[in-house]
Each structure stands twice: as C-alpha cells, then as structure tokens.
Amino acid sequence: MVSPNQRIEQEVAVLGDLPREELVARWIKAYGCPPPKGVKRSLLERAAAWHLQARHLGGLSATARKAIRDAAKHGSARASASGRPADSKNARTGNRPIVNPPAPRSGTRLVREWNGRTHVVDVTDDGFVFDGKTYRSLSAVAKRITGAHWSGRRFFGL
C-alpha cells in the first residue's frame, strides 16, 4: 500500500516529465493568468509542485495569507514566518516600529575595500568627503566607487 506522502512524491516527480504547455496550463489554472514572459521551466515545475502539495496537505496558514495581503497592501517586501512584516516590530522596542539608526557623526571615517582598492570616506557636517570631493549621501559615494547604485549604508556595512 502506498502512503499519502509517497503518492504526493510520485505526483511531484511526474511534473518533470510534463510538456511545458501542460505546466503553463497548470499555472493559468492556479494563478488565473499566463506566466510572465521568459519564465523558466524550473519555476513552472516548482509552482505546479507547490500547488499540488497545497491541495493535498493544505496551503498557507491564515496568518501567512494575512501577512502577504498586508505586505502587498502596505508595500512591504518582506514578511516574517510569524505573519508580521519583518521590520514592523522588535522585541526590544515593543510596538514601536524599528527606525534606521542615525547617520554617522561628523568626524567618523568609513573604510571599505572594493576591487582590491581601499576607499576612505570622512563624514563632515557638510556631507561625505571622498577623494577630495564632498557628496550629499553615502549612496552617491558608493555609486562613484562601484559605478552602480548601492545603498550607501549597506555598501559601508552600517
């Protein structure tokens, strides 16, 4: 006799043998719209497997569904497993939202190695001094160093 879990595993294994058109049809049935252009077959297979398992084992909990709705409604990109947005509350702050720490104080020196070169930024009252030029933000300095948009705080590890 085959257990329910073994049956589900067998059904999921069969998904890899289905033609792409069948996987697309399953996507449309599950989501009510065609998959995005250029979506890879592996994503179609994983989506089909998730929906198959959810049908047999149950889908997301009510808490998780609510967290996803709230995140979409409020524009939050991250939600925790507890159902609360990851950045909304903290054990130390109670019900107060977490706020970014203040910018580094004037006189602080930030050092970052990038592509084998050490970059030094001095924080002043007027902004951030890098290579003799004052920038209004750390992100502008990070862009100058890398050539790409970066969060200045993230680039300098703040």
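Small disclaimer: the values here were computed from a predicted structure and weren't measured. (Residues numbered from 1 in each chain as written. Predicted model: local features only at pLDDT ≥ 70, side-chain atom pairs only at ≥ 80, totals over all residues. Heavy atoms only, no water.)

Brief notes about helix H3 (residues 41–57)
Along an α-helix, residues three or four apart share an orientation, since each turn contains 3.6 residues. Taking 1.5 Å of rise per residue, 17 residues should cover 24 Å, and H3 covers 24 Å from first to last C-alpha, within 8% of that figure. Along H3, the residues classified as buried are Leu 44, Ala 47, Ala 48, Ala 49, Leu 52 and Ala 54. Elements that come into contact with the buried residues of H3 comprise helix H1 (4–15) and helix H2 (20–31). Once H3 ends, the next one or two residues include Gly 58, with phi positive near 100 degrees. (Helix = DSSP H or I, 4+ residues; strand = E, 2+ residues; numbered from the N terminus. Expected span 1.5 Å × (residues − 1). Buried < 20%, exposed > 50% of the residue type's maximum accessible area, 1.4 Å probe, protein only. Contact = heavy atoms within 4.5 Å.)

Focus on the nonpolar core
Within the largest apolar cluster, twelve residues are counted, these being Leu 110, Val 121, Val 123, Phe 128, Phe 130, Tyr 135, Leu 138, Val 141, Ala 142, Ile 145, Phe 155 and Phe 156. For this core, the secondary structure elements donating two or more residues are strand S2 (117–124), strand S3 (127–130) and helix H5 (138–146). A total of four residues in this core trace back to one element, the largest contributor, which is H5. Setting aside residues no more than four positions away along its own chain, Phe 130 makes contact with His 119, Val 120, Val 121, Tyr 135, Val 141, Arg 144 and Ile 145. (Core = buried A, V, L, I, M, F, W, Y, C linked by side-chain atoms within 4.5 Å.)

With respect to the packing of H1 against H3
Contact geometry of H1 with H3 gives a least axis separation of 9 Å together with a crossing angle of 160 degrees. With respect to H3, the element H1 is oriented roughly antiparallel. In this structure, the crossing between H1 and H3 has a hand that is right-handed. Mapping the contact onto sequence places Asn 5, Arg 7, Ile 8, Glu 11, Val 12 and Leu 15 in H1 and Arg 41, Glu 45, Ala 48, Ala 49, Leu 52, Gln 53, Arg 55, His 56 and Leu 57 in H3. For the contact of H1 with H3, the class distribution of residues is seven nonpolar, three polar and five charged. (Axes fitted to C-alpha atoms, helices over the stretch in contact; angles between N-to-C directions. Parallel < 35°, antiparallel > 145°, perpendicular 65-115°, else oblique. Left-handed = near helix turned anticlockwise from the far one by under 90°. Nonpolar A, V, L, I, M, F, W, Y, C, P; charged D, E, K, R; others polar.)

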